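Inside the fold
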Amino acid sequence: MSAAPRATAIRVDAEVRANVDEGGANRRLRLGVPDWPGSAPGQFAMLSPGPLGAAERFDPLLPRPMAVYRARPEAGGAELEILYKVSGRGTRLLAGTQAGEKVRVVGPLGVGFPLPEAGQRALLVGGGTGIASLYELAAAARSRGPVVVLLGARAAGDLMGREDFVALGIELRIATEDGSEGWSGRVTELLEHALAEPGADGDLVYACGPTPMMRRAAEVAVALGRRCIVSLENRMACGFGVCLGCAVPRPEGGFALVCRDGPVLDAAAVRWEETP
Amino acid sequence: MSAAPRATAIRVDAEVRANVDEGGANRRLRLGVPDWPGSAPGQFAMLSPGPLGAAERFDPLLPRPMAVYRARPEAGGAELEILYKVSGRGTRLLAGTQAGEKVRVVGPLGVGFPLPEAGQRALLVGGGTGIASLYELAAAARSRGPVVVLLGARAAGDLMGREDFVALGIELRIATEDGSEGWSGRVTELLEHALAEPGADGDLVYACGPTPMMRRAAEVAVALGRRCIVSLENRMACGFGVCLGCAVPRPEGGFALVCRDGPVLDAAAVRWEETP
Amino acid sequence: MTAAVDCAVNLGGIALRNPVLTASGTFGYGNEFAPFFDLERIGGIVAKSLTLEPRAGNLPPRIAETPAGMLNAIGLENVGVDAFVAEKLPLLPAGLPVVASVFETEIERYAEVCKRLAGVPRISGLEINASCPHVKSGGIEFGQRPELLARLVREVRRTTPMPLLVKLSPNVTDIREMARVCEGEGADGISLINTLQALDVDLATRRPVLRNGLGGLSGPAIRPVALRMVWQASQAVKIPICGIGGILSGEDAVKFLVCGATAVQVGTANYLNPMAAVEVAEGIERYAAEQGFGRVADLVGTLRPFPSGR
Amino acid sequence: MTAAVDCAVNLGGIALRNPVLTASGTFGYGNEFAPFFDLERIGGIVAKSLTLEPRAGNLPPRIAETPAGMLNAIGLENVGVDAFVAEKLPLLPAGLPVVASVFETEIERYAEVCKRLAGVPRISGLEINASCPHVKSGGIEFGQRPELLARLVREVRRTTPMPLLVKLSPNVTDIREMARVCEGEGADGISLINTLQALDVDLATRRPVLRNGLGGLSGPAIRPVALRMVWQASQAVKIPICGIGGILSGEDAVKFLVCGATAVQVGTANYLNPMAAVEVAEGIERYAAEQGFGRVADLVGTLRPFPSGR
Ligand SMILES: Cc1cc2nc3c(=O)[nH]c(=O)nc-3n(C[C@H](O)[C@H](O)[C@H](O)COP(=O)(O)OP(=O)(O)OC[C@H]3O[C@@H](n4cnc5c(N)ncnc54)[C@H](O)[C@@H]3O)c2cc1C
Ligand SMILES: Cc1cc2nc3c(=O)[nH]c(=O)nc-3n(C[C@H](O)[C@H](O)[C@H](O)COP(=O)(O)OP(=O)(O)OC[C@H]3O[C@@H](n4cnc5c(N)ncnc54)[C@H](O)[C@@H]3O)c2cc1C
Ligand SMILES: Cc1cc2nc3c(=O)[nH]c(=O)nc-3n(C[C@H](O)[C@H](O)[C@H](O)COP(=O)(O)O)c2cc1C
Ligand SMILES: Cc1cc2nc3c(=O)[nH]c(=O)nc-3n(C[C@H](O)[C@H](O)[C@H](O)COP(=O)(O)O)c2cc1C
Ligand code: FES
Ligand code: FES
């Protein structure tokens, strides 16, 4: 799975069809992407930091990694949905992008999620921008067994794409730090509860979000002898394994490249104390 | 006149009201400028190279000088019209600017045109982007005496703001290099004809456009003992006399700063062979 | 909230109400900015570099734009030291510290300019621009040769007890060595960086974009190089450092303070935004307040190393 | 129209179908770009710098963005010379010239790596990365000391007759001096520039943005500095120069040729646009055709000085 998607990665200027504010600094970008070769759950693309514009501008310089939130094949390509949080210059410029403008896309990139065994329950733990990496996984995992999605945020309004998860007809549990919805506290506490449930011993845990959240999720799962699979969100320059900028240290020494060996990695394969 | 306008220069973020394609790479920008202190014919402003945007971008870096084509005072400020040609990155980015977006304006800057004596005929020679510097002059000079505007372009379609000059009810003569309208040749040839007309000995010549055009206009006028006043279009970084980037050499040695001592200068005060 | 912050700093004997000066050559003689803001709201100004006699400067083109930066080769253009003192200084508000910048082509001439500035009460300090080509050494900059720099600083130091800053050239292998030379010869502070020597080409004519050929690169493009040199110099010497290079915002300026600069200078930003300097000063104060620093001076040199680890 | 242009150049004995190589460390080992374009459409590649043993490199963060540029401190990470020859080389198309880049911490180790590459038929030439800190001289770069650089070039030159390029550090006072050293010691060509040593700060933590502290600045921001150094070096030596620094388009590349570079390398641009190198090659050919140059090689060194005048 690792090689194939990279082998088919393309570079294309995609047309912005919509770029909608969804509250809580969240926005949904709909891109018409010609020749999109298709992607697996957990793969991502590099997007130009803002529209290509009437003339070239070299600041900001680097593309920004974004999960393929959802891909709908269509004649001659696909429509990609990107769910993003406006956090800095690149995403602010993306937020200002108008329908009809072009955004450069390089993808699909990286290694996606392995699916659960048949009958195995999947616990998907998401927070912050990481939620966007989990939607396609949740959709695909349904065919294998029960899927429970645990989403965390500071406040209910910060949650990304919650209605889409509801529409999947899977079980959705929410934790908010301000108690505005669901469990009042951290999403990793919801994970502890879920793993304490009868029959949870076979559960497979997935986590994507802020590093401290993924690290904690891994601790919780591993403490109970469960496997935890994470999707990392490191800074990237290239996205396809050539700048070596996205390296995360392995416990046995050496590094994994998040963009090439990941972004999906087994939590046990990451030296969390040295991961930004 | 030199000091006063600079003393009142302001820096303000102006709202784009319209940004219309007028053919031949020409565009008309309408800006709502709060607190605009008013400007004299021939003064200019520095405009950010493109919209301010959702986030700061430092490339391209420098503002672009643009003549105040027309200024309409209104409550709390003025509406400025800028007529510009899309020639490079900055003007391409300006061309992509949407109504409602902001453009930074610093102005009014520079020294404007002296008006003709009462009864003196004014010959205004314009080409390229230089035409934009002449409209307010043409309007103001009407009160002093006859005004003849001579505009030159490669083809009729390249001419800036021609209808506005027609609407002024002044005499308009056009030269095109491809003969698509008016005199087939250079606008400076039209100037020679005008200066050969009976009663032309008192004429005052104004010229703004490409350096070779202004230089030739000056030669023609001075050869016949007429005064020629030009408005230069040099590269600028600041626009208000502090970077010394816009210097043009004086015949007697030393330099004039186009942004501070000009852009309007007596053609006799410029060393043309060393002016880009 | 920001009222609580004490922004005053002392730059080698020059007391500044806040750490923001304007960089030589980018702020004219100061009064050009009076229409845009009250000059007494910034720490002070460094005036356009002065020579013994008035100089005319280079033929155009003198400036060009580069990615996130600009090139310039203005030449030595200035009104000359005497006209500066007689005509320009009086135009500036009494409460505004003014640093006079000096450059010349020979050491004796540097010293002579400094002598003429030494007594002048309105001048708070001198900045020696060492990025100037030394004619006798065939165009090599004073700031590029330790022995040449040492002689220059020694001679100008002799001419006056007033606060003396030396502005270093960044076009060197080891900025620390140059900083130590200045400290050793009794400079009160160091300003860096000046522009990076650079070149760009006009493809329509295949000529340099500047009439002078080579020019100096400035603007945000060079900021990371400037931060590196300021940090290196601050590790090498004890005299205060004035950080310069691509500062457009308060955040940019704070980075220089954190890297060890006692004050900063705003340059190219003044062109894009005539209110840049005062906005930088406000931004520094805001950052200090948000981060709980009662004194801006406490931000100086607070760069925290990463824990070393493999 | 562009069919008429002969794009071939010879870089110190390396025959290239066009003057565009990819810069070491920015193109992986080459095969990563196979999905994006036919690698044989560019002049060649310079592979990631190799050391004697495999190296792991620095802890993250390793990269950060700056105005029109980026900072990196990857460290020495590479698969090691033997694994490169055994595993990476065979993945590359036979018609693609491959330059192996070498860096180490001691001269003897440089020489040993070169020995192991010397015989390998698939390798068209070597590039010695002299921007590496020399451990024994306390972190000073080989390329920052003429005598150190001379010894390095002499020793590696001994190991092989194959085309030998030396990639110089831009963090020096006088690039011409370094270029002459390389020429004097028998290098076949010079590559410049490597990254400018730089630093940036994360204001949320007041730590360097990179785990390593200092990093290397690359991208369009540094292009004017690179053009200046390429032009200076081309005036100082007769051996060919490979121009590097902020090249994103064919026009950018042509500027380097005009300033005296025989070929160019595309670096950071590969990240923003995986097809950058081939688009640069097309752009050079287009410019040559438009300007009536039948051979791209005829563009080399065509910079026209301005008439001097005052
Ligand atoms: C594989 C992958 C998939 C991702 N998917 C999504 C997604 O679907 N939706 C989404 O909103 N975001 C996603 N991210 C994170 C996203 O790339 C960053 O939020 C984005 O690059 C920030 O860019 P900026 O210019 O707005 O922020 P910057 O101005 O670059 O920085 C603003 C803040 O964001 C932080 N930041 C910058 N780059 C990154 C980065 N690459 N990762 C984490 N933090 C960063 C900075 O440290 C700073 O605090 C993903 C990241 C990766 C690696
Ligand atoms: C006082 C003054 C008033 C002006 N008024 C107008 C106006 O009303 N309308 C208008 O369209 N233009 C006007 N100009 C010219 C305008 O400033 C330039 O066309 C503009 O800066 C080009 O910017 P750019 O980014 O598009 O071009 P760049 O990408 O900067 O360069 C593109 C081309 O334009 C040339 N160029 C760049 N800057 C200038 C400059 N300042 N002057 C001349 N050529 C330049 C370059 O050499 C290059 O050939 C005026 C200039 C001055 C000095
Ligand atoms: C147009 C221009 C003229 C300059 N003139 C001088 C000068 O006369 N003396 C001097 O010491 N520095 C001069 N400089 C350098 C600046 O003072 C400053 O050191 C440099 O531009 C870097 O800062 P910046 O990136 O904020 O502009 C000049 C810079 C520019 C852009
Ligand atoms: C992430 C990164 C890694 C690099 N690694 C190397 C390297 O291993 N060896 C080397 O000689 N240069 C290396 N460089 C420098 C480039 O080869 C090139 O000289 C420099 O980036 C300037 O060119 P550019 O502006 O086009 O990127 C690296 C640059 C970057 C950005
Ligand atoms: S982002 Fe470049 S190697 Fe991963
Ligand atoms: S444009 Fe700066 S001095 Fe005229």
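Here, the structure is the one placed above.
Here we summarise the structure given alongside this text. (Residues numbered from 1 in each chain as written. Chains lettered and ligands numbered in written order. Predicted model: local features only at pLDDT ≥ 70, side-chain atom pairs only at ≥ 80, totals over all residues. Heavy atoms only, no water.)

Glancing now at the overall build of chain C. Across its full length, chain C holds eight helices and 16 strands. Taken along its principal axes, the extent of the C-alpha atoms in chain C is 50 × 50 × 40 Å. Within chain C, buried positions represent 68% of all 310 residues. Considering only contacts within chain C whose residues lie at least 6 apart along the sequence, 69% involve residues at least 24 apart. Approximately 9,500 Å² of chain C is accessible, and the part contributed by carbon and sulfur atoms is 50%. Treating the 30 positive side-chain charges of chain C as one cloud and the 31 negative ones as another, the clouds have centres 5 Å apart. (Helix = DSSP H or I, 4+ residues; strand = E, 2+ residues; numbered from the N terminus. Buried < 20%, exposed > 50% of the residue type's maximum accessible area, 1.4 Å probe, protein only. Contact = heavy atoms within 4.5 Å. Areas by Shrake-Rupley, 256 points an atom, 1.4 Å probe, with all protein chains shown as cover. Lys, Arg positive; Asp, Glu negative; His and termini not counted. Charge placed at Lys NZ, Arg CZ, Asp CG, Glu CD.)

A few words now on the site of ligand 3. Lining the immediate environment of ligand 3, one finds 23 residues, of which Ser-24, Ser-49, Lys-167, Gly-246 and Thr-268 of chain C sit closest. Those chains with residues close to ligand 3 are chains B and C. Within the side chain of Asn-129 of chain C, one N or O atom sits 3.1 Å away from an oxygen atom of ligand 3. Looking at side-chain class alone, the shell around ligand 3 contains seven nonpolar, 14 polar and two charged residues. (Near = heavy atom within 4 Å. Polar contact = N/O pair within 3.5 Å; in protein donor to acceptor, adjacent residues only side chain to side chain. Nonpolar A, V, L, I, M, F, W, Y, C, P; charged D, E, K, R; others polar.)

To continue, consider the interface of chain C and chain D. Each partner contributes to the interface: chain C provides 55 residues, whereas chain D provides 55 residues. Together chain C and chain D conceal approximately 5,000 Å² of surface at their shared face, both sides included; 60% is due to carbon and sulfur atoms. The interface formed by chain C and chain D includes two salt bridges. In this structure, the connection of chain C to chain D is made through 19 residue pairs in polar contact (both at pLDDT 80 or more). Of all the secondary structure elements, the ones that give two or more residues to the side of chain C that touches chain D are strand 11 (196-198), strand 13 (207-208), helix 5 (223-236) and helix 6 (250-258) of chain C. No other element matches the seven residues that helix 5 of chain C contributes to the side of chain C that touches chain D. The residue inventory of the side of chain C that touches chain D, partitioned by class, reads 31 nonpolar, 13 polar and eleven charged. (Buried area = accessible area lost by both parts, 1.4 Å probe. Salt bridge = Lys/Arg side-chain N within 4 Å of Asp/Glu carboxyl O.)

Below, the discussion takes up helix 8 (residues 276-290) of chain C. For an α-helix, the turn length of 3.6 residues means that residues three or four places apart are oriented alike. Residues and elements named next belong to chain C. The terminal C-alpha atoms of helix 8, which comprises 15 residues, lie 21 Å apart, in line with the 21 Å expected from a rise of 1.5 Å per residue. Buried within helix 8 are the following residues: Ala-276, Ala-277, Val-278, Val-280, Ala-281, Gly-283, Ile-284, Tyr-287, Ala-288 and Ala-289. Just downstream of helix 8, Gly-292 is the residue with a positive phi angle, here 75 degrees. (Expected span 1.5 Å × (residues − 1).)

To continue, consider the interface of chain C and chain B. In this complex, chain C contributes 36 residues to the contact, which on the side of chain B involves 30 residues. For the pair chain C and chain B, the summed buried area comes to about 2,700 Å², and 67% of that belongs to carbon and sulfur atoms. The largest per-residue losses of area from chain C upon contact with chain B belong to Ile-63, Glu-65 and Tyr-271 of chain C, which jointly make up 23% of the total buried on that side. Remark: the boundary between chain C and chain B carries three salt bridges. The salt bridge involving Glu-65 of chain C is made with Arg-64 of chain B; its shortest N-O contact spans 2.6 Å. Here chain C and chain B share eight residue pairs in polar contact (both at pLDDT 80 or more) between them. Looking at the side of chain C that touches chain B, the elements that each hand over two or more residues are strand 5 (63-66), strand 6 (69-72) and helix 7 (269-272) of chain C. Split into classes, the residues belonging to the side of chain C that touches chain B amount to 19 nonpolar, ten polar and seven charged.

Any link to function would need more than the numbers given here.
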